[in-house]
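# Analysis of the macromolecular model
This is what each chain is made of:
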Amino acid sequence: MLEKSYEYLKNRLGNFVPDTAIILGSGLGDVITAIKEPIIIPYADVPAFPTPTVSGHKGVFYAGKLGKHNVICLQGRFHFYEGIDVRMIYEVIRLLKSLGANSLIVTNAAGSLRMYMPAGSIMLIADHINMSGTNPLIGVCEEPYFPDMSNAYDLEMRNRFMQIAEEERIPVFQGVYMMLTGPNYETPAEVRMLQMFNVEAVGMSTVPEVISAAQLGLKVLGISVISNLATGMDLHKPDHHEVLLQVGKATKKLSLLITKFLEKE
Ligand code: HPA
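So, a few notes on the structure that sits alongside this text.

The rules behind these values
Residues numbered from 1 in each chain as written. Predicted model: local features only at pLDDT ≥ 70, side-chain atom pairs only at ≥ 80, totals over all residues. Heavy atoms only, no water. Near = heavy atom within 4 Å. Polar contact = N/O pair within 3.5 Å; in protein donor to acceptor, adjacent residues only side chain to side chain. Areas by Shrake-Rupley, 256 points an atom, 1.4 Å probe, with all protein chains shown as cover. Helix = DSSP H or I, 4+ residues; strand = E, 2+ residues; numbered from the N terminus. Nonpolar A, V, L, I, M, F, W, Y, C, P; charged D, E, K, R; others polar. Core = buried A, V, L, I, M, F, W, Y, C linked by side-chain atoms within 4.5 Å. Buried < 20%, exposed > 50% of the residue type's maximum accessible area, 1.4 Å probe, protein only. Contact = heavy atoms within 4.5 Å. Axes fitted to C-alpha atoms, helices over the stretch in contact; angles between N-to-C directions. Left-handed = near helix turned anticlockwise from the far one by under 90°. Phe/Tyr/Trp six-rings, centres within 6.5 Å; stacked < 30°, edge-to-face > 60°.

Residues in contact with the ligand, as listed here, are Ala109, Ala110, Gly111, Tyr185, Glu186, Val202, Gly203, Met204, Ser227, Asn228 and Val243. Take Gly111: an N or O atom from its main chain is 3.4 Å from a nitrogen atom of the ligand. The separation between a nitrogen atom of the ligand and a polar side-chain atom of Ser227 is 3.4 Å. For the ligand, whose free accessible area comes to 260 Å², the fraction covered by protein is 96%. Take the shell around the ligand: its biggest share by element is 3 residues, from strand S5 (residues 103-112). Residues of the shell around the ligand, tallied by class, amount to 6 nonpolar, 4 polar and 1 charged.

Further remarks concern the nonpolar core. In terms of nonpolar packing, the biggest core is built from 47 residues, with Phe49, Phe61, Ile72, Ile93, Leu96, Leu104 and Tyr177 touching the most fellow members. Examining the composition of this core, we find that 9 residues originate from one element, helix H2 (residues 86-99), more than from any other. Residues within four places of Leu104 in sequence aside, it is in contact with Ala21, Ile23, Ile93, Glu209, Ala213, Leu218, Lys219, Val220 and Leu221. With 32 residues, the next largest nonpolar core counts Leu221, Val243, Ile258 and Phe261 among its residues.

Tracing the sequence through the fold places Glu200 in the loop between helix H4 (188-196) and strand S8 (201-203). What makes Glu200 buried here is its relative accessible area of 11%. At a separation of 2.7 Å, a polar atom in the side chain of Glu200 contacts the side chain of Arg114. Reaching out from Glu200, the side chain makes a polar contact with the backbone nitrogen of Val176 at a distance of 2.9 Å. Discounting residues that sit within four places of it in the chain, Glu200 has contacts with Gly111, Ser112, Leu113, Arg114, Tyr116, Met117, Met123, Gly175 and Val176.

The next thing to look at is the packing of helix H3 (residues 155-167) against helix H6 (residues 240-264). Contact geometry for H3 and H6: axes closest at 10 Å, N-to-C directions at 120°. For H3 against H6, the interelement crossing comes out right-handed. Side by side, H3 and H6 meet where Met157, Arg160, Phe161, Gln163, Ile164, Ala165 and Glu167 of the first sit next to Leu257, Ile258, Lys260, Phe261 and Lys264 of the second. When its residues are assigned to classes, the contact of H3 with H6 shows 7 nonpolar, 1 polar and 4 charged.

Counted under the stated rule, the structure contains 8 aromatic pairs. Between Tyr43 and Phe78 the ring centres are 5.8 Å apart and the planes differ by 40°, which places this aromatic pair in the tilted class. Of the two residues, Tyr43 is situated in the loop between strand S2 (36-42) and strand S3 (60-66) and Phe78 in the loop between strand S4 (69-75) and H2; the sequence distance between them amounts to 35 residues. Owing to a relative accessible area of 5%, Phe78 belongs among the buried residues under this scheme. Judged by centre distance (5.7 Å) and plane angle (35°), the rings of Tyr116 and Phe173 are tilted. A residue pair is termed long-range when its members are at least 10 positions apart, and Tyr116 in the loop between S5 and strand S6 (122-130) and Phe173 in strand S7 (residues 172-179) qualify at 57 residues. Grouped by ring-pair contacts, the aromatic residues Tyr43, Phe49, Phe61 and Phe78 constitute a single cluster.

These figures capture arrangement, not role.
Put into structure tokens, the structure is as follows:
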């Protein structure tokens, strides 16, 4: 489906072969400032590649060295709520794998379901619940047909990340992320339901990428930056500008943690 995108990117990257792909969530673009001498490719230049419609998602590839790794970073992701078929998300992950990536770091902005985890917190995703009502593997029909999700958020990567967070004295939570389609924020009743489901964070992305990565055999590290308490938990109404603002404040911490993580091994 994205053969033309692959040909173009392969050509632009030349000898550079990424081993790690990074997908940046809303407002988390600063992570790319840590990439040395990046090759910068706007999505608009890439044949057949879609363009994101959401503010905070620029639509640019950054490829370069980060820590000990060759990374390809996607500043700007695609969401089901944009009307993009989640199958396209699978094709994007397959493209990243074809370019050389064997692991994937996904970040997102998320609402917190826990009072102890306020805006600005970082939560490593330990597991997810797919409440999106869809699945990126529908129609893929390739082996493994029924991928295992028991270690979808790789335990060894999470342990390594937690160790770095401890060394850097940056508090990091771990928890379950639930994806709803959006694009509206939750109602207070939905938030109460999510709390009963023992979910720590809620958002509108990431799950399609991670399911795709599991099918394609990529190891995943998933990180949520908490931008707000979910609807009804405090007096604020969730708002996209507020989300970008809060996430922007945490982006330096996140950038440091990801860089140290990629320096370690
Ligand atoms: N709900 C869903 N998605 C989100 C939220 C939220 O409260 N905050 C950031 N993304």
